[in-house]
Amino acid sequence: MVTLKLLHMYSNMLDLYGDNGNVEILKYRCRLRGIELEMAQHFIGDKDTDFENQDIIYFGGGADVEQQLLVNDLLSYRENIKSAYKNGVFLFMICGGYQLMGQYYKDSNDKKIEGLGLFDYYTIASTNKRCRCIGNVILESNLNGENYRVIGFENHGGQTKGVKTPFGKVLYGNGNEFKSEADGYMEKNVIATYLHGPLLSKNPKVADYIISYTMSRKTGSVFVPQPVNDKFEEECRKQLFERIL
Ligand code: GLN
């Protein structure tokens with residue numbers, strides 16, 4: 001049995017709107033394919049976290065205050081996370097976690113939080129705390145050449161600029177900025193998005209994209225996850241699309 005390794009970052013702080021659920025969905029969909037997902041955690045102050053010997057590193061979303069509290073710990077692992085990413089470890093990030101991988105995040109108190117600088121994008125929040133992107137979002141994403149509608153919920157003040165390769169085209173909602181045409185950031189081994197949900201429960205094919213990438217990297221040959229019974233998930237998605245679009 002193949003074992004994939006996932007490192008869950010600051011799960012006690014970055015868990016807005018059930019973001020920790022993404023990890024449960026990954027584990028469940030791995031198990032359906034006979035793959036074991038082994039989980040490790042990193043919390044503030046942990047000294048011996050192994051960042052490089054991983055298949056997936058996951059960050060959920062968090063409010064400005066959590067981002068402030070954890071950023072110094074995070075910055076002390078900049079080189080480890082960068083090297084994991086360069087080696088092809090999959091980086092999966094939601095909202096607050098997404099913002100922290102860019103150049104910087106200027107929060108709603110005009111306080112600049114340095115990012116890890118892995119990517120060129122940067123984020124600025126309006127100092128008017130009532131000025132936020134809130135509500136359901138529907139995107140169209142391209143996963144291995146296939147268009148897939150991604151559904152989720154956004155609640156962020158941060159406006160992310162300078163993204164060249166977004167995760168999806170916005171069909172409904174805001175995304176990276178107010179009334180933006182795009183949401184998130186994507187590379188072969190990166191998915192970053194403003195969408196909570198948790199994302200993977202509403203979008204099983206995004207979970208399968210991550211499983212397919214990480215298994216292919218691990219085994220050295222293209223891995224196509226065998227189809228599973230998603231009847232219930234598909235029915236939920238259908239109803240949500242009908243209600244929202
Ligand atoms: N603190 C960030 C913002 O409001 C991120 C919030 C989130 O993760 N939902 O922009």
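Notes on the structure in this doc start here. (Residues numbered from 1 in each chain as written. Predicted model: local features only at pLDDT ≥ 70, side-chain atom pairs only at ≥ 80, totals over all residues. Heavy atoms only, no water.)

A short note on the sheet that holds strand E6 (residues 112-114)
Strand pairs in the sheet, formed through backbone hydrogen bonds, run parallel or antiparallel to each other.
Alright, step 1. The strand order E6-E5-E7-E10 describes an open sheet built from four strands, whose pairing is mixed. Two strands lie at the open edges of the sheet, namely E6 and strand E10 (158-161), each paired on one side alone. Pairs of neighbouring strands in the sheet enclose a mean axial angle of 20°, with direction left out of account.
Alright, step 2. With three bridges joining them, strand E5 (residues 104-106) and E6 adopt antiparallel strand pairing. Paired with Tyr105 across the strands is Ile113, a residue of E6.
Alright, step 3. Docked against the sheet, helix H2 (residues 64-75) engages E5 and E6, running at close to 35° with respect to E6. (Pairing = 2+ DSSP bridges. Helix = DSSP H or I, 4+ residues; strand = E, 2+ residues; numbered from the N terminus. Axes fitted to C-alpha atoms, helices over the stretch in contact; angles between N-to-C directions. Contact = heavy atoms within 4.5 Å.)

A look at the site of the ligand
Alright, step 1. Around the ligand sit 16 residues, and of these Asp64, Gln67, Cys95, Arg132 and Gly158 come closest.
Alright, step 2. In this structure, an oxygen atom belonging to the ligand sits 3.0 Å away from a main-chain N or O atom of Gly96.
Alright, step 3. Residue Gly158 places a main-chain N or O atom 2.8 Å away from an oxygen atom belonging to the ligand.
Alright, step 4. Taking 300 Å² as the accessible area of the ligand by itself, protein coverage stands at 99%.
Alright, step 5. Looking at the shell around the ligand, the elements that each hand over two or more residues are H2, helix H4 (95-100) and strand E9 (146-156).
Alright, step 6. Sort the elements by how many residues they give to the shell around the ligand and H4 lands first, with three residues.
Alright, step 7. Within the shell around the ligand, the residues separate by chemical class into four nonpolar, 10 polar and two charged. (Near = heavy atom within 4 Å. Polar contact = N/O pair within 3.5 Å; in protein donor to acceptor, adjacent residues only side chain to side chain. Areas by Shrake-Rupley, 256 points an atom, 1.4 Å probe, with all protein chains shown as cover. Nonpolar A, V, L, I, M, F, W, Y, C, P; charged D, E, K, R; others polar.)

A word on the nonpolar core
Alright, step 1. Counting 67 residues, the largest nonpolar core has Phe59, Leu74, Met101 and Phe119 as its most contacted members.
Alright, step 2. Among the elements that line this core, the one with the most residues is helix H6 (residues 204-219), at seven residues.
Alright, step 3. Once residues within four sequence positions are removed from consideration, Phe59 is found in contact with Met9, Tyr10, Leu14, Leu74, Ile81, Phe92, Met93, Ile94, Gly97 and Met101.
Alright, step 4. Counting five residues, the second-largest nonpolar core is a separate cluster that includes Ile138, Leu240, Phe241 and Ile244. (Core = buried A, V, L, I, M, F, W, Y, C linked by side-chain atoms within 4.5 Å. Buried < 20%, exposed > 50% of the residue type's maximum accessible area, 1.4 Å probe, protein only.)

A few points about the environment of Ala182
Alright, step 1. Among the structural elements, Ala182 can be located in strand E12 (residues 182-183).
Alright, step 2. For the pair Ala182 and Thr165, spaced 17 residues apart in sequence, the C-alpha separation works out to 9.1 Å.

As for a nonpolar patch on the surface
Alright, step 1. Residues Ile44, Val65 and Leu69 make up a contiguous nonpolar surface patch of roughly 280 Å² in combined accessible area.
Alright, step 2. By secondary structure assignment, the location of Leu69 is in helix H2. (Patch = residues over 30% accessible without salt bridge, like charges linked within 9 Å, V, L, I, M, F, W, Y side chains within 5 Å. Salt bridge = Lys/Arg side-chain N within 4 Å of Asp/Glu carboxyl O.)

Some details on the sheet that holds strand E2 (residues 36-42)
Alright, step 1. The strand order across the open sheet formed by six strands is E2-E1-E3-E4-E14-E13, and the pairing between neighbours is mixed. The open sheet has two edge strands, E2 and strand E13 (185-187), and neither has a second partner. Strand-to-strand twist of the sheet, defined as the mean angle between neighbouring strand axes without regard to direction, takes the value 15°.
Alright, step 2. Here strand E1 (residues 3-9) pairs with E2 via seven bridges, running parallel. Along E2, the bridge assignment pairs Met9 with His42.

Notes on H6
Alright, step 1. Between its first and last C-alpha atoms H6 spans 22 Å; for 16 residues at 1.5 Å apiece the expected length is 22 Å, and the two agree.
Alright, step 2. Residues of H6 that are buried: Pro204, Val206, Ala207, Asp208, Tyr209, Ile210, Ile211, Ser212, Tyr213, Thr214 and Met215.
Alright, step 3. Gly220 lies just past H6 and shows a positive phi near 80°. (Expected span 1.5 Å × (residues − 1).)

Digging into helix H7 (residues 231-244)
Alright, step 1. Over its 14 residues, H7 extends 20 Å from the first C-alpha to the last, a length consistent with the 20 Å expected when each residue adds 1.5 Å.
Alright, step 2. Every buried residue of H7 is listed here: Glu233, Arg237, Leu240, Phe241 and Ile244. Projection of H7 onto a plane perpendicular to its axis shows the buried side chains occupying an angular sector of 100°, all on one side. Residues of H7 that are exposed and point over 90 degrees away from its buried face: Lys231, Phe232, Glu242 and Arg243.
Alright, step 3. Residues of H7 that are buried sit in contact with strand E8 (133-143), E9, strand E11 (168-172), helix H5 (199-202) and H6. (Arc of directions from axis to C-beta.)

With respect to the pattern of salt bridges
Alright, step 1. Going through the model one piece at a time under the given rule, you end up with 11 salt bridges.
Alright, step 2. Across the pair Glu114 and Arg78 runs a salt bridge whose closest N-O atoms are separated by 2.7 Å. Taken as a pair, Glu114 in strand E6 and Arg78 in helix H3 (residues 78-86) lie far apart in primary sequence, 36 residues in all.
Alright, step 3. Between Lys205 and Glu146 there is a salt bridge, and its shortest N-O distance comes to 3.4 Å. With Lys205 in helix H6 and Glu146 in strand E9, this pair connects stretches of sequence that are 59 residues apart.
Alright, step 4. Residue classification places Lys205 among the partly exposed residues on the basis of a relative accessible area of 40%.
Alright, step 5. On the accessibility criterion, Glu146 (42% relative accessible area) is partly exposed.
Alright, step 6. Each member of the salt-bridge network shares a partner with another, and the members are Arg29, Arg33, Asp208 and Asp230.

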